[in-house]
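# Examination of the molecular architecture
So you can see what is in the structure, the chains are spelled out below.
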2 protein chains.
Amino acid sequence: MMRSFDGHHPSLGKALSHLLSSGGKRIRPTVAILAGKMLDVEMEHLILHAAAIEMLHTATLVHDDLIDGAMLRRGIPTLNARWSAGATVLTGDYIFARAAHLAAQTGSLELIESFASTLMTIVNGEITQLFELEPDDLQQSYYDRIYAKTASLFEISTAGVALIGGCDDETYETMRTFGHHIGVAFQIVDDILDFTGDQESVGKPVGSDLRQGLLTLPTLLYLEQHEDGRNLARSLREKEIDELELEQLIDAVRTSPAIGLALQKAERFTQQGEELLTNMPATPERGALIEIARYVVRRNL
Amino acid sequence: MMRSFDGHHPSLGKALSHLLSSGGKRIRPTVAILAGKMLDVEMEHLILHAAAIEMLHTATLVHDDLIDGAMLRRGIPTLNARWSAGATVLTGDYIFARAAHLAAQTGSLELIESFASTLMTIVNGEITQLFELEPDDLQQSYYDRIYAKTASLFEISTAGVALIGGCDDETYETMRTFGHHIGVAFQIVDDILDFTGDQESVGKPVGSDLRQGLLTLPTLLYLEQHEDGRNLARSLREKEIDELELEQLIDAVRTSPAIGLALQKAERFTQQGEELLTNMPATPERGALIEIARYVVRRNL
């Protein structure tokens, strides 16, 4: 990912190096490479694909952190915490371009179209969130949002290797669905950890989603059991709730059965993902993918 | 360009419709289609390419206007004048994705790689401008900047059709250089019009570049004849110059021989561009490209 900055401004290299140094789990590229090895796809193309995925992900985070005014990610300062908004927007754009360039080098036009569609899906999800009035179906709105935000990129991580490898439609569909399910589970668990994780390991205050008026699955499942759930949901979304009440609510969600119920939903997705893999070649990589699917719902819990 | 918004948030369609309604000269897609027709490239692919070019251009303008805090472009409000910074960043990202999607539909992997490289070049130019200390060679710095800002996109407009059409290396190189030269001339003339155009037709105050500390070719050629040119250049770049002195300087540049000298430079580029076309097929489209090259240096002068 750090290769070939020749001729470009050193600040761009520094920014990217800073962004990549934060580590992160690199779960998307790992899943992509394992899925590709399982399907016997050429390693050179897999690495380009995996790097493109991580770049696309990084670029969206750069713009998101700017939009949200986030100062820290994974415990290190965000780009916008150090640089002007202008330089941050441009660096995100540059990383998008590098992602597209890497994707093109895989030699698959279908992959590039899918990359572009995925970016549209991600952005469309964020725009919808910005402009959305009160949705009729809060859970459906939640699942739509996490598809756009997270599952769509997991989907292309695994479906993309089937495109590069020229696999048949059934394999493509299996891999796409596997990626989708792991992605949904991953995001549900992230949303659970926002309540149950300790501030240090999550890297942001407990209940930060709810503090921003964002209703995630644990909150929605909690509110379903609450007599005045619908009104409370509205107050939360519109941030018309006082500090004390908010703290009490975060604590109530955190200690309620809603956490366990949300985890069950996540587990159902990973189990379905695991089942899909039974039709795939029984390689060590398939075993590793199953381990990752299980890790997704067990991490930090 | 407006096709296939199915399933995406109506605000994105509205934003794009607003952006495209402003018209503009559409010179890049026009040059691309004429060049492609001249080389007998399939029209369906040319239209996708031309639309991708205009989309990429539009996306960069959306982010630039946000970064510069510009409120008007082509006489109509910019997106950032109406929307939040967040929605504006995201809309630009969405348009980048659509540009990539259109480019992929041309079926040329080389074109997509070139698109991605062009976006990197454009962004790298802007980043360089943001971080640049005093350059040693002010004219070289100017030409580097206008290559990144304008000529690179003209270059891919014309070189891209050679990639789509699978033309030989010589044709590719001729078309690339033609696009480059027209682009450089176009930007030089834009920079002249910033001094000589009337505020209404240019859509911004006379001398707006200099007011922002941006030294363009007319200013550089003027300063070359000025005994204290180098120091004055520094003061201008660092905006350490009082209002009255600035107004006088704008007036001095505007009425100086530097304007004519800059125009001569632009004309030399378009003439070289014209000469390159003598080796290309003598079609009506070649004639139209020559007309456009001439128009580029004559418009509004």
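Rules behind the numbers
- Residues numbered from 1 in each chain as written.
- Chains lettered and ligands numbered in written order.
- Predicted model: local features only at pLDDT ≥ 70, side-chain atom pairs only at ≥ 80, totals over all residues.
- Heavy atoms only, no water.
- Helix = DSSP H or I, 4+ residues; strand = E, 2+ residues; numbered from the N terminus.
- Rg over C-alpha atoms; globule rule 2.2 N^0.38 Å.
- Contact = heavy atoms within 4.5 Å.
- Areas by Shrake-Rupley, 256 points an atom, 1.4 Å probe, with all protein chains shown as cover.
- Lys, Arg positive; Asp, Glu negative; His and termini not counted.
- Charge placed at Lys NZ, Arg CZ, Asp CG, Glu CD.
- Phe/Tyr/Trp six-rings, centres within 6.5 Å; stacked < 30°, edge-to-face > 60°.
- Lys NZ or Arg CZ within 6 Å of the ring centre and 35° of its normal.
- Buried area = accessible area lost by both parts, 1.4 Å probe.
- Salt bridge = Lys/Arg side-chain N within 4 Å of Asp/Glu carboxyl O.
- Polar contact = N/O pair within 3.5 Å; in protein donor to acceptor, adjacent residues only side chain to side chain.
- Nonpolar A, V, L, I, M, F, W, Y, C, P; charged D, E, K, R; others polar.
- Core = buried A, V, L, I, M, F, W, Y, C linked by side-chain atoms within 4.5 Å.
- Buried < 20%, exposed > 50% of the residue type's maximum accessible area, 1.4 Å probe, protein only.
- Least-squares fit on C-alpha atoms with pLDDT ≥ 70 in both.
- Arc of directions from axis to C-beta.

Bringing the overall build of chain A into the picture now. Across its full length, chain A carries 15 helices and two strands. Against the compact-globule benchmark of 19 Å for 301 residues, chain A has a radius of gyration of 20 Å, which places it among compact chains. Sequence-distant contacts in chain A: of pairs separated by 6 or more residues, those separated by 24 or more amount to 74%. Of the accessible surface of chain A, which amounts to about 13,100 Å², a share of 48% is contributed by carbon and sulfur atoms. Across chain A, the centroid of the 26 positively charged side chains sits 5 Å from that of the 43 negatively charged ones.

Looking now at the packing of aromatic side chains. All names here are of chain A. This model, assessed by the stated rule, comprises eight aromatic pairs over all chains. Consider the rings of Phe154 and Phe186, whose centres lie 5.3 Å apart with planes at 45°: the pair is tilted. Taken together, the residues Phe154 in helix α7 (residues 138-164) and Phe186 in helix α8 (residues 169-196) connect sequence positions 32 residues apart. Among the aromatic residues, those joined into a cluster by ring pairs are Tyr142, Tyr143 and Phe269. A cation sits over an aromatic face here: Arg299 above Phe186, 4.2 Å from the ring centre.

Turning our attention to the interface of chain B and chain A. Often, the extent of an interface is quoted as the loss of accessible area upon association of its parts. Each partner contributes residues to the interface: chain B has 39 residues there, and chain A has 39 residues. Carbon and sulfur atoms make up 80% of the surface buried where chain B meets chain A, a total of about 3,500 Å² over both sides. When the area that chain B buries against chain A is broken down by residue, the three leading residues are Leu90, Leu109 and Met120 of chain B, summing to 18%. Viewed at the interface, chain A and chain B are joined by zero salt bridges. Where chain B packs against chain A, one counts six residue pairs in polar contact (both at pLDDT 80 or more). Counting residues per element, the ones that place at least two in the side of chain B that touches chain A are α1 (10-21), α3 (43-68), α5 (85-105) and α6 (109-131) of chain B. Across the side of chain B that touches chain A, the residue classes break down as 21 nonpolar, 14 polar and four charged.

The biggest cluster of nonpolar side chains holds 174 residues, and the ones touching the most others in it are Ile188 and Leu236 of chain A together with Ile188 and Leu236 of chain B. Other than its neighbours up to four places away in sequence, Leu236 of chain A contacts Leu210, Gly213, Leu215, Thr219, Leu223, Ile241, Leu246 and Leu249 of chain A.

For the pair chain B and chain A, the relating rotation is 180°, the translation along its axis is 0.0 Å, and the fit reaches an RMSD of 0.0 Å. On this basis, the relationship between the two copies can be described by a two-fold rotation axis. When each C-alpha of chain B is compared by its distance to the rotation axis, Leu109 of chain B comes out closest, at 3.3 Å. Most of the interface of chain B is mirrored in chain A: 100% of its interface residues are interface residues there too.

Once that is clear, we can look at the environment of Ala262 of chain A. Residues and elements named next belong to chain A. Tracing the backbone shows Ala262 in helix α14 (residues 258-277). Ala262 sits in the buried class, given a relative accessible area of 0%. Counting along the chain gives 186 residues from Ala262 to Ile76, while the straight-line C-alpha distance between them is 29 Å. Discounting residues that sit within four places of it in the chain, Ala262 has contacts with Ile188, Ile192, Leu217, Pro218 and Leu221.

A positive phi angle, close to 55°, is found at Arg26 of chain A, a residue other than glycine. Phi is positive for Asp40 of chain B, close to 60°, though the residue is something other than glycine. Residue placement: Asp40 of chain B occurs in the loop between α2 (27-38) and α3.

Turning our eyes to something else, we now look at the side chain of Arg286 of chain A. Residues and elements named next belong to chain A. With respect to the element layout, Arg286 can be found in helix α15 (residues 284-298). Comment: no salt bridge for buried Arg286; closest opposite-charge side chain is Glu285, at 9.2 Å. Not counting the four nearest positions on each side in its chain, Arg286 is found in contact with Met38, Leu277, Thr278, Met280 and Pro281.

Here the focus is helix α12 (residues 229-237) of chain B. Residues and elements named next belong to chain B. Residues of α12 that are buried: Gly229, Leu232, Ala233 and Leu236. Seen end-on, α12 carries its buried residues on one side only, within an arc spanning 105°. In this fold, the buried residues of α12 make contact with α7 (138-164), α10 (208-211), α11 (217-224) and α13 (243-254). At the exit of α12 stands Lys239, carrying a positive phi of roughly 55°.

This paragraph deals with the pattern of salt bridges. Residues and elements named next belong to chain A. Tallying each qualifying case throughout the model produces 25 salt bridges over all chains. One salt bridge in this structure joins Lys37 and Glu285, with 4.0 Å as the shortest N-O distance. On the criterion of sequence distance, the pair formed by Lys37 in helix α2 (residues 27-38) and Glu285 in helix α15 is long-range, its members being 248 residues apart. When its relative accessible area of 15% is taken as the criterion, Glu285 is described as buried. Residues Asp65 and Arg73 are paired through a salt bridge, measuring 2.8 Å at the closest nitrogen-oxygen approach. Overall, the relative accessible area of 30% leaves Arg73 in the partly exposed class. A network of salt bridges, in which partner residues are shared, links Glu134, Arg230 and Arg234.

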